[in-house]
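Listed below, chain by chain, are the residues.
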Amino acid sequence: MTERLEDIAAKMMANGKGLLAADESTATIKKRFDTINLVSTEEARRDYREMLFRTDEAMKTCISGVILYEETLYQKAADGTPFVDILKAAGSIPGIKVDTGAKPMAGFPGETVTEGLDGLADRLAAYYKAGARFAKWRGVIAIADGLPTWGSIKANSQALARYAALCQQAGIVPIVEPEVLMDGAPANHTIDRCAEVTEWVLRTVFTDLYDARVSLEGMILKPNMVIDGKNARRASVEEVAEKTVKVLKATVPSAVPGIAFLSGGQSSKEATAHLSAMNAGYDLPWGLTYSYGRALQEDALNAWGGKPENIAAGQRAFLHRAKMNTLAAKGSWKKDLEKAA
Ligand code: 13P
């Protein structure tokens, strides 16, 4: 019997658990490995992800699901166990990034449109067979002088809606990710400009999801937080929490079971502090958790450094961030818990 989308979505959000975004494309993981001077071979990518997925306590107590890249969905650990089986054994749901990337948008200088709809129905059927029960598609919106344009917002929003409809038809929960960048050049915009653009984008996305007949109960929203540009950081934790909650309450229907933020270039601790402040300080109609890539992995990647003798250190670092973020998803993270570690 196929599971109901609502039940999968509820499991993704249960008990303060959150998602590990480990779906870096081959080009993106190369950039991450460059920071530790490691060559990105298939074996290095396997070893790195095996380290994370075999952090048993983190996977069992914190990580409800992992977003995988296609290579990883079909990949096996060094001992031959499929990664999908390792995740399932820990009670974590395998997910899959299905877009094929944000590409320059014809006629819209400085903007992108995300590709990957052609043949998507067939790919989703194959991913379902391989064990994936949720998927991710990321639309990217840049803030700059005169940007974003309505044309780019609309094109990205319609692609997200089409993708979400195809996922639900395939028995897969869509993570709908319209990311308003904090670090697109020049990245000096204010938090209020981010709020205005994020509201515009989310209003558009929910209109298009409705038009595409997507069931809100069977999806997860993955938004950016409302935050100032990377080169203009000024807002306090309280201000980020207040402005993010305000925009989400104005735009996200309460039928949506969960919102799982991206980290987007925030430091690991900022991403945790912001999430905790929202959960601690506000009465919210949906669950609010994390779906972090960099903010969950950065410390682990650095502790590991590509060396087999550092696997335990990498796993300790990953477990710590997973625990901190699960506390944040319950609104009970405290700064001194970071120092204690
Ligand atoms: P970051 O948390 O590093 O932004 O990655 C999350 C993600 O999945 C972006 O698509």
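See the structure above.
These numbers come from a predicted model, not from an experiment. Every residue gets a number counted from 1 within its own chain, in the order that chain's sequence is written. Totals for whole chains, interfaces and linings use every residue, but because this is a predicted model, local features are given only for residues with pLDDT of at least 70 and side-chain atom pairs only at 80 or more, for both listing and counting. The side-chain numbers reported here are obtained from all heavy atoms of the structure, hydrogens and water having been left aside.

1. Some remarks on the side chain of N156
- Helix and strand definitions here come from DSSP, where helices need a minimum of 4 consecutive H or I residues and strands a minimum of 2 consecutive E residues; each element is numbered from the N-terminal end. Looking at the secondary structure, you find N156 in helix 8 (residues 150–169).
- Here a polar contact is recorded for every N or O atom pair within 3.5 Å, except that within protein the pair must consist of a potential hydrogen donor and a potential acceptor, and residues adjacent in sequence are included only if both atoms are side-chain atoms. Within polar-contact distance, the side chain of N156 engages the backbone nitrogen of T114 at 3.2 Å.
- By definition, residues are in contact when any of their heavy atoms lie within 4.5 Å. If we ignore the near neighbours within four places in the chain, the residues touching N156 are T112, V113, T114, G139, V140 and I141.

2. Quick word on the side chain of N279
- Along the polypeptide, N279 turns up in helix 11 (residues 268–281).
- Using a 1.4 Å probe on the protein chains alone, a residue whose accessible area is under 20% of its type maximum counts as buried, one over 50% counts as exposed, and one in between counts as partly exposed. Owing to a relative accessible area of 19%, N279 belongs among the buried residues under this scheme.
- In this structure the side chain of N279 is engaged in a polar contact, spanning 3.0 Å, whose partner is the backbone oxygen of L288.
- What N279 contacts, discounting residues up to four positions off in sequence, is L284, L288, A328, A329, K330 and G331.

3. Let's talk about the sheet that holds strand 3 (residues 93–97)
- The eight strands lie next to each other as 1-2-3-6-7-8-9-10, forming a closed barrel whose pairing is parallel.
- Strand pairing is defined by DSSP finding a minimum of two bridges between the two strands. Where strand 6 (residues 134–141) lies against strand 7 (residues 173–180), eight bridges are found, and the strand directions are parallel. Bridging across to strand 7, R138 finds its partner in E177.
- Only the stretch in contact is used when fitting a helix axis, every axis being a line fitted to C-alpha atoms; angles between N-to-C directions are given from 0 to 180 degrees. Where helix 13 (residues 311–329) meets the sheet, its contacts fall on strand 1 (18–22), strand 2 (63–68) and strand 10 (287–292), and the angle it forms with strand 10 comes to roughly 160°.

4. Some points on the environment of A313
- The residue A313 is located in helix 13 in this model.
- Separated by twelve residues in sequence, A313 and L301 place their C-alpha atoms 9.7 Å apart.

5. Side note on the packing of helix 10 (residues 237–251) against helix 11
- Running from N to C, helix 10 and helix 11 point in directions that differ by 60°, and their axes come no closer than 9 Å. It follows that helix 10 is oblique to helix 11 by the angle criterion. Handedness of the crossing formed by helix 10 with helix 11: right-handed. Listed contacts from helix 11 to V237, V240, A241, T244 and V245 of helix 10 are A273, H274, A277 and M278.
- Three classes are used: nonpolar for Ala, Val, Leu, Ile, Met, Phe, Trp, Tyr, Cys and Pro, charged for Asp, Glu, Lys and Arg, and polar for all others, with Gly counted as polar. Of the residues belonging to the contact of helix 10 with helix 11, the class tally is seven nonpolar, two polar and no charged. Just so you know how the angles are binned, under 35 degrees is roughly parallel, over 145 roughly antiparallel, 65 to 115 roughly perpendicular, and the rest oblique. The crossing is said to be left-handed when, going from far helix to near helix, the turn is anticlockwise and less than a right angle, and right-handed when the turn is clockwise.

6. Examining the site of the ligand
- Around the ligand sit 13 residues in total, of which K136, K222, S263, G264 and R294 are the nearest.
- Between the ligand and the protein, one listed contact pairs an oxygen atom with a side-chain N or O atom of E177 at 2.9 Å.
- Separating an oxygen atom of the ligand from a side-chain N or O atom of S263 is a distance of 2.4 Å.
- For the shell around the ligand, the elements supplying multiple residues, two or more each, are strand 6 and strand 10. When we say a residue is near a molecule or strand, we mean one of its heavy atoms is within 4 Å of it.

7. Re the pattern of salt bridges
- What counts as a salt bridge is simple: a side-chain nitrogen of Lys or Arg found within 4 Å of a carboxyl oxygen of Asp or Glu. Under the counting rule described, the total for this entry stands at 25 salt bridges.
- For R54, the salt bridge goes to D79, with nearest N and O atoms at 3.2 Å. Here R54, found in the loop between helix 3 (42–53) and helix 4 (56–61), pairs with D79, found in the loop between helix 5 (70–73) and helix 6 (83–89); they are 25 residues apart in sequence, far enough to count as distant.
- Since its relative accessible area comes to 33%, R54 is described here as partly exposed.
- Across the salt bridge formed by D192 and K243, the nearest N and O atoms sit 3.0 Å from each other. With D192 in helix 9 (residues 191–211) and K243 in helix 10, this pair connects stretches of sequence that are 51 residues apart.
- Three or more residues are tied together by salt bridges with common partners; here these are D23, K97, K136, R138, E177 and E179.

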